Amino acid sequence: MTRARVTRPETRIVPRAGGHVTVRVEGFREGDGVLPRPDRLGRFKLEVSRDEHGLRLLDAHGETIGRLGASWGRTLADELTGCDRDGVVPVVRASLVGPRGERDMFVLLSWPGRRTGVASPARGVRVPVPSGGAGGVRHTAG
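Just so we're clear, the structure is a prediction, and the values are computed from it rather than from any experiment.

**Quick look at the overall build of the chain**
Here's step 1: Counting its secondary structure elements, the chain contains two helices and nine strands.
Here's step 2: N-terminal to C-terminal, the α/β element order of the chain is β-β-β-β-β-α-α-β-β-β-β.
Here's step 3: Here the chain holds 142 residues, and 27% of them are scored as buried.
Here's step 4: In the chain, of all internal contacts separated by at least 6 residues, the share reaching a separation of at least 24 is 61%.
Here's step 5: Working note: accessible area of the chain is about 10400 Å², and carbon and sulfur atoms make up 49% of it.

Laid out in structure tokens, this is it:
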């Protein structure tokens, strides 16, 4: 008896820079879907799909198990477009939090980097210090 080899599409975790913002998945109810096996840290990968209402998170059988708002769809639009262009399936890292049977699902996302326009002081620059500071001016390390 020969085993058929199951080929799975290549995946890419979004956001590429890693996630540092924990976002609650709307509409998730524990037990409604088939979740993939978690890693050693209890996280698992869920496929992400776009529609007109935002992002859908899909279980192991491709069924919707929750949603992220349209604002996250706009935030991740460039990365999702890149996945489509490269022919890879976008996935997010998710985890369950709370007591068994009542858990909420959260995914790890991030906002794109932005330039704030506030320059950090260069070496040896005098920086004003609020009143109460030693002499009102301090020198940065140089």
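**So, the nonpolar core**
Soluble globular proteins: nonpolar side chains tend toward being buried together.
Here's step 1: Counting residues in hydrophobic clusters, the biggest one holds 22 residues, and the most contacted among them are L46, L57, L68, V92, M105, V107 and L109.
Here's step 2: Of all elements in the fold, only β2 (21-24), β3 (44-51), β4 (54-58), β5 (64-68), α2 (77-86), β6 (89-97) and β7 (104-109) reach the threshold of two or more residues within this core.
Here's step 3: Setting aside residues no more than four positions away along its own chain, V107 makes contact with V21, T22, V23, V25, L57, L68, V92, R93 and A94.

**Quick notes on the confidence of the model for the chain**
Do not read the fine detail of predicted coordinates wherever pLDDT is low.
Here's step 1: Confidence in the prediction for the chain averages 77 pLDDT; 71% of positions are at 70 or higher.
Here's step 2: When mean pLDDT is compared element by element in the chain, β5 scores highest at 93, while strand β8 (residues 126-128) scores lowest at 44.
Here's step 3: When the criterion is pLDDT under 50, residues 115-130 qualifies, and its contacts beyond four places in sequence or with other chains add up to 22 contacts.
Here's step 4: Scored below 50 in pLDDT, residues 137-142 makes 19 contacts in the model with residues more than four places away or belonging to other chains.

**Structural notes on the pairing of β6**
Here's step 1: The pairing of strand β1 (residues 11-13) with β6 spans three bridges and is classified as parallel. Within β6, the position partnered with T11 by the bridge is V89.
Here's step 2: In this sheet, β6 lies alongside β3 in antiparallel orientation, the contact comprising four bridges. Note on β6: the bridge partner recorded for F44 is A94.
Here's step 3: Relative to β7, β6 is paired through four bridges, and the arrangement is antiparallel. Across the sheet, the residue bridging to A94 is V107, located in β7.
Here's step 4: Between the end of β6 and the start of β7, which pair antiparallel, lie six residues, with G98 showing a positive phi angle near 120°.

**Some points on the pattern of salt bridges**
Here's step 1: Under the counting rule described, the total for this entry stands at nine salt bridges.
Here's step 2: Between D39 and R43 there is a salt bridge whose closest N-O contact spans 3.5 Å.
Here's step 3: Residue classification places D39 among the partly exposed positions, given a relative accessible area of 37%.
Here's step 4: According to the relative accessible area criterion, R43 is partly exposed, its value standing at 23%.
Here's step 5: The structure contains a network of salt bridges with shared partners spanning R12, R85 and D86.

Quick notes on the rules
Residues numbered from 1 in each chain as written. Predicted model: local features only at pLDDT ≥ 70, side-chain atom pairs only at ≥ 80, totals over all residues. Heavy atoms only, no water. Helix = DSSP H or I, 4+ residues; strand = E, 2+ residues; numbered from the N terminus. Buried < 20%, exposed > 50% of the residue type's maximum accessible area, 1.4 Å probe, protein only. Contact = heavy atoms within 4.5 Å. Areas by Shrake-Rupley, 256 points an atom, 1.4 Å probe, with all protein chains shown as cover. Core = buried A, V, L, I, M, F, W, Y, C linked by side-chain atoms within 4.5 Å. pLDDT = per-residue confidence, 0-100. Pairing = 2+ DSSP bridges. Salt bridge = Lys/Arg side-chain N within 4 Å of Asp/Glu carboxyl O.

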